[in-house]
Amino acid sequence: MIWKVVMVLGLLGTLLGLAVTVISAALVPMTNGRTSWEEAMLGIIPGIIVLFFSFLVFVLGLIFVIKNRKKA
């Protein structure tokens, strides 16, 4: 049961990281240059970090959920 929770939290974190990264990357073109790439990087870099670690948590949870299903 706990691995399902870990998997869901990893999935939600992955979606959050993806949303932050995409929105931060879209700031520069959508604001016609009023936002610089240096300012956008303040959202892009943490978004990628959250995306990466959350994806690892999701994969770890998925592996253990599949592993526990084969035992039953």
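The rules behind the values
Residues numbered from 1 in each chain as written. Predicted model: local features only at pLDDT ≥ 70, side-chain atom pairs only at ≥ 80, totals over all residues. Heavy atoms only, no water. Helix = DSSP H or I, 4+ residues; strand = E, 2+ residues; numbered from the N terminus. Rg over C-alpha atoms; globule rule 2.2 N^0.38 Å. Buried < 20%, exposed > 50% of the residue type's maximum accessible area, 1.4 Å probe, protein only. Contact = heavy atoms within 4.5 Å. Areas by Shrake-Rupley, 256 points an atom, 1.4 Å probe, with all protein chains shown as cover. Phe/Tyr/Trp six-rings, centres within 6.5 Å; stacked < 30°, edge-to-face > 60°. Patch = residues over 30% accessible without salt bridge, like charges linked within 9 Å, V, L, I, M, F, W, Y side chains within 5 Å. Salt bridge = Lys/Arg side-chain N within 4 Å of Asp/Glu carboxyl O.

*Asks:* How would you summarise the overall build of the chain if you had to cite specific residues and measurements?
*Replies:* Within the chain, the secondary structure is distributed over 2 helices and 0 strands. In terms of overall dimensions, the chain is more spread out than a globule: its C-alpha atoms have a radius of gyration of 16 Å, far above the 11 Å expected for 72 residues. Per-residue burial over the chain gives 25% buried out of 72 residues. Considering only residue pairs separated by 6 or more positions, the chain has 68% of its internal contacts joining residues 24 or more positions apart. Summed over all atoms, the accessible surface of the chain reaches about 5,400 Å², with 79% contributed by carbon and sulfur.

*Asks:* Give me the packing of aromatic side chains: which residues, what numbers.
*Replies:* What the rule picks out here adds up to 3 aromatic pairs. Here the aromatic rings of Phe52 and Phe53 are separated by 5.3 Å at their centres, their planes lie at 70°, and the arrangement is edge-to-face.

*Asks:* Account for a nonpolar patch on the surface, with residues named and values stated.
*Replies:* Together, Met1, Val5, Val8, Leu9, Leu11, Leu12 and Leu15 make up a nonpolar patch on the protein surface, roughly 710 Å² of accessible area in all. In this fold, Met1 is placed in the segment before α1 (2–30).

*Asks:* Break down the environment of Thr14 for me, citing the residues and quoting the values.
*Replies:* Tracing the backbone through its elements, the reader meets Thr14 in helix α1. You can call Thr14 buried: its relative accessible area is 14%. With near-sequence residues (within four places) excluded, Thr14 lies in contact with Leu51, Ser54 and Phe55.

*Asks:* I'd love a proper account of unusual backbone geometry, names of residues and values included.
*Replies:* Although it is not a glycine, Asn32 adopts a positive phi angle of roughly 55°. Residue position: Asn32 is located in the loop between α1 and α2 (37–71).

These results come straight from atomic positions and should not be treated as a statement about function.
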